[in-house]
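# A look at the structure
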Amino acid sequence: MITALLRRRSAPLAAIVAAMALLAGACTTDDSGTDDDRDGAPPTGDVVELGDGDTYEATIRRDSDGVPHIVAADEASLFFGQGWASAEDRSCDLADQVIMIRGERASVFGAGDDDEHLTSDLAWRTIGIFDLAVDDWEDASADVQQFFGTFTDGWNGHLETVGVDGIDGWCAGAEWVRPLEPVEVYSYGRAMTLLASSTQLVDYLGVQPPEPAAATGDTEADSTDADSTEQAAGTLALPPPAASNGWAIGAERSADGGGMLMANPHFPWEGELRFWEVHLTIPGEVDIYGAQLSGLPGISIGFTEDFGWTHTVSAGSRFTAYRMDLVSGDPTSYRYGDEERPIESTDIPVAVLADDGTLEEVTQTVWHSHHGPVIDFPGVGWTEDTAVSVRDANLTNDEFAEQYLAMLRADDLDGLIEAHAEHNGVTFFNTIAVSADGQAWYADTSSTPNLSPAAIEAYERSIQEDPIVAIAAESRAVLLDGSDPLFEWVEDPDARDPGLVPFADQPQVLRDDYVFNANDSFWMPHATELLEGDYSPLHGAQRTARSPRTRENAVLLEEVGPDAASGPDGLFTLESLADAALANRSFTSRALRAEVVERCDAESVVSIDAVVGSDGEELAPAGEVDLSEACAVLDAWDGTYELDSRGAVVWRELISGFAPSDLTDPGELWATAFDPADAVGTPGGLAPSDGGRDPVLDRLARAVVVLDAIDIDLDVPLGDVQFALRDGTVVPVHGGDGRDGVTNLTSYWELWSTLEDIPTRSEPVVDGSSLATVEGRTGYYVNNGSSFMLALAYTPDGPEALVMHTAGNSQDRTTQTSLAAVERFADKEWRPVRFAEADVTADPALIRTIVRG
């Protein structure tokens, strides 16, 4: 009965709610539940009622995998239930992050080691997102205030019910955990929009103007000379963007003729950026399954009966940096066109908890031009002549909440696209989406600065003429002339906010076969049908070489044949789509392994210089290295990164010896240059020896001596060296990294901002390598990569989906369910999604909780 009603959108809401009441009543007498390892879980079949009040009521049904299926009669109660369930699983993440984005960690925890908390507070207060969000909250729509307000009420309801001591996680009993205000959760959401912009620049904030030359006795002011160019080359490094793969398979390539989706965000398995899995239902109105980042309402990646979508991090620019010419003799004034403007100062106070329990105030002066805050831009700095400030395209993005609310309410793919067009609030993501009838959509609608054609032409010319601008561009930073009004963002009346590219000018394509993205620019959403046009280069470059991982994605999707992922007929099934996502084939080995083996067979002994570890100590002396064993191992290897793959470790160490630019440029690794007419196949071929030392065999020899120095056999199975940790338990894992060119990315990440005690590795054994030591074990420690993997197929019977959620939902890493999540990944054990009502209620271990507030 209930399943039939859920499938009938026209069914009266009262009838559906009544049916659910009957279902809940029937379930209260069910005593056939199975054992459950979740701490404190009530007997299965019982209904627990928590909370007081008559404003909200939601039912949280926890399945045997810990996924909450939340049902309510309206949006307010639905998001209340989501907030409650989120607090059950991830209360510590949100409580901690709110303190951080308010700039109050030092007042709670003291200045911290090396002033880490003080530095964090000063950075967040300089960015000013909390104050900006507080101001915007007053003008937010009623829908947005309800979205965050009811979620917060649910979060607080859980905290009030269990108390701080009853929290199931790392912050249990912490004095700093407290009820939250809706504006604080909203502010955290706003802070998350800055992950690809302002928060990447925190290390450069707080720069101060130089002292006058006369005061320092320096007769020559600093300038951007050759030395500063070297500094830029050595230090300009924004944190690497989070990676992801997203595939949408259209009707032409689907065995069932319906749309298919593969979501594979490469996100952390630890810390505040873990995904949280959830199912949200308002019978007859909303039925959506997917994942959201900790502590936020709604769904960021997911599916409904009619469409599904995922995101990948865009290669475009979310901010522009402005290098300003300063007024002679006054380093706090800059030239702008024909006028002079002041660089204005603001004193930012931060309260710091002293050892005696009192609060001391520390004040830092921050500086802003009309572009934005002044930063210590490496290679430029703040001299008597020059200063740099930045403008962030997402700082004013208060539409992000409207965007995701509209996506929750969308009836079909057209509605999803309309949400992008109307609100344009996607922050820094590409969107890859599919309809039930097999239309595949790709778009980069992320917030992008809008420069005029003349400004773009001048900027592209400066890349060729100015080494600092060129170096910045290599590091994904756009450095413009901040003294020339030409480079102001152009205001378009159709744009979301003044100065941004409007939806109509953002790259997008709708196809019937497939689209994909793997973090390269929009130019290649398909292996052969490229997306070219008059798009801003700030969305990413066209006609440029793609990464090995993008090229492997393209091969997997385009290939047709008996050994291809889609089989001889070129049609994907749900199972073959899931298998393709975890195929673990390396593109670099696919393209180059045979040639490397042929070359090292011909020259099995090479001489190399001493190998120096990342600590500066000699790891191995100069001398001759016998490559014959390594060559034999690579010859026998099948080019994959499975647990039992022998040769994967040698190949990774070989490739890790090359610079990132070598993976896309000819010279050291590749023989032939990139050709836009063959974007998947080029660059190609193994780089020849230059007549002296062979750049490839040199690096292979380096790999051999590094592995020997740390007692790792050349034919070691990957699973003996690559591992994850769960509460001290070592779990061998498969997968590769970006340099390997494996779609299933497994890597290391330590850019989290959580205060949770998370295992961290040592410095790598040698520069470029990922071999490091954690908790006494040396190898490839994995805590990041394929995270919430969703394989979706629309069939004649409705959507069918499989999930691989490596982080798991629980913040308590000591639980069996937490360990089981990563073990399932290691075993490639996909979990069927319980989306249909009948599948949810059929779970014998289902735990039902009614929450009120």
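Check the entry above for the structure.
The present account deals with the structure reproduced in this document. (Residues numbered from 1 in each chain as written. Predicted model: local features only at pLDDT ≥ 70, side-chain atom pairs only at ≥ 80, totals over all residues. Heavy atoms only, no water.)

Going from Thr 682 to Pro 683, the amide bond is cis rather than trans, its omega being 0°. Here Pro 683 is to be found in the loop between β26 (670-672) and β27 (684-686). Of note in this structure, Asp 711 is not a glycine but carries a positive phi near 60°. As for its position among the elements, Asp 711 is in the loop between α20 (695-709) and β28 (722-726). Located in the positive-phi region is Asp 727, a residue other than glycine, with phi close to 50°. Within the element layout of this structure, Asp 727 appears in the loop between β28 and β29 (729-732). Take Asp 727: its relative accessible area is 54%, and that puts it in the exposed class. (Helix = DSSP H or I, 4+ residues; strand = E, 2+ residues; numbered from the N terminus. Buried < 20%, exposed > 50% of the residue type's maximum accessible area, 1.4 Å probe, protein only.)

Right, let's get into the nonpolar core. Ranked by internal contacts, the top residues of the largest apolar core, which has 137 residues, are Phe 148, Phe 303 and Phe 377. In terms of residue count, the dominant contributor to this core is helix α3 (residues 75-101) (14 residues). For Phe 148, the contacting residues outside a window of four places in its chain are Trp 137, Pro 182, Val 185, Tyr 186, Pro 297, Phe 400 and Ala 401. Counting 85 residues, the second largest nonpolar core, distinct from the first, contains Leu 582, Phe 658, Leu 700 and Leu 718. (Core = buried A, V, L, I, M, F, W, Y, C linked by side-chain atoms within 4.5 Å. Contact = heavy atoms within 4.5 Å.)

Scanning all chains against the criterion turns up 23 aromatic pairs. Consider the rings of Phe 267 and Phe 275, whose centres lie 5.2 Å apart with planes at 50°: the pair is tilted. Each member of the pair Phe 267 and Phe 275 is classed as buried. A cation sits over an aromatic face here: Arg 652 above Tyr 780, 4.4 Å from the ring centre. A cation over an aromatic ring shows up here: Arg 699 above the ring of Phe 658, its NZ or CZ 4.1 Å from the ring centre. (Phe/Tyr/Trp six-rings, centres within 6.5 Å; stacked < 30°, edge-to-face > 60°. Lys NZ or Arg CZ within 6 Å of the ring centre and 35° of its normal.)

Overall, the coordinates contain 39 salt bridges when judged by the stated rule. Its salt-bridge partner being Arg 834, residue Asp 65 comes within 2.9 Å of it at the nearest N-O pair. Placement of Asp 65 in the loop between β2 (57-62) and β3 (68-72) and of Arg 834 in the loop between β36 (831-832) and α22 (837-841) is noted, with a sequence separation of 769 residues between them. By relative accessible area, Arg 834 is classed as buried at 18%. Of the charged contacts in the structure, one is a salt bridge between Glu 184 and Arg 178, with a shortest N-O distance of 2.7 Å. Residue Arg 178 is classed as partly exposed on the basis of its relative accessible area, which comes to 29%. Three or more residues are tied together by salt bridges with common partners; here these are Asp 63, Asp 65, Glu 277, Arg 824, Glu 829, Arg 831, Arg 834 and Asp 843. (Salt bridge = Lys/Arg side-chain N within 4 Å of Asp/Glu carboxyl O.)

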